[in-house]
Amino acid sequence: QVQLVESGGGLVQAGGSLRLSCAASGRTFSTYGMAWFRQAPGKEREFVSHITWSSGSTDYADSVKGRFTISRDNAKNTVYLQMNLLKPEDTAIYYCAASASIERTVVFGKASESAYKYWGQGTQVTVSS
């Protein structure tokens, strides 16, 4: 129904920047919002940011607030994550996810994996010090 493909990951030095892209295809209009999650080695997958397709309302994890910016281009069905002032602790596989509905998002919360029905394969971000 909805397919997500991430790109833009890579190796960057601490303090540097990267921009991740998530291209969505299929019935994207049936989704409420998009989110970025990340999973570091040996750690649980954690919420990074969320944006709604309609209003563009955004949310961020405290760990990335002020450094990361999520945005979307509705015409291109693409969501971006601009990552600035990167730290070694930002090293992780970054996943794009699409919520199934506003109802599910409200029930589980934007930071919960349960709110999302569709997931990309992930893109590796490595920050060296």
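Located above this text is the structure these notes cover.
Residues numbered from 1 in each chain as written. Predicted model: local features only at pLDDT ≥ 70, side-chain atom pairs only at ≥ 80, totals over all residues. Heavy atoms only, no water.

Asker: Where do I start with the nonpolar core in this structure?
Answerer: Soluble globular proteins tend to bury their nonpolar side chains together. One finds L4, M34, W36, L81, M83 and Y94 to be the most contacted residues of the largest nonpolar core, which totals 33 residues. Here this core gets five residues from one element, more than from any other, and that element is strand β9 (residues 92-99). For M34, the contacting residues outside a window of four places in its chain are L4, C22, A24, S49, H50, I51, W53, I70, V79, C96, A97 and A98. (Core = buried A, V, L, I, M, F, W, Y, C linked by side-chain atoms within 4.5 Å. Buried < 20%, exposed > 50% of the residue type's maximum accessible area, 1.4 Å probe, protein only. Helix = DSSP H or I, 4+ residues; strand = E, 2+ residues; numbered from the N terminus. Contact = heavy atoms within 4.5 Å.)

Asker: Just checking my understanding: could you explain unusual backbone geometry for this structure?
Answerer: Leaving glycine aside, a negative phi is the common case for residues, and trans is the common case for peptide bonds. One non-glycine residue, N77, lies in the positive phi region at around 50 degrees. In this fold, N77 is placed in the loop between β7 (68-73) and β8 (78-83). Residue classification places N77 among the partly exposed residues on the basis of a relative accessible area of 26%. Of note in the backbone geometry, L85 takes a positive phi value of approximately 50 degrees without being a glycine. Within the secondary structure layout, L85 lies in the loop between β8 and β9.

Take it as geometry only, folks, not as evidence of what the structure does.
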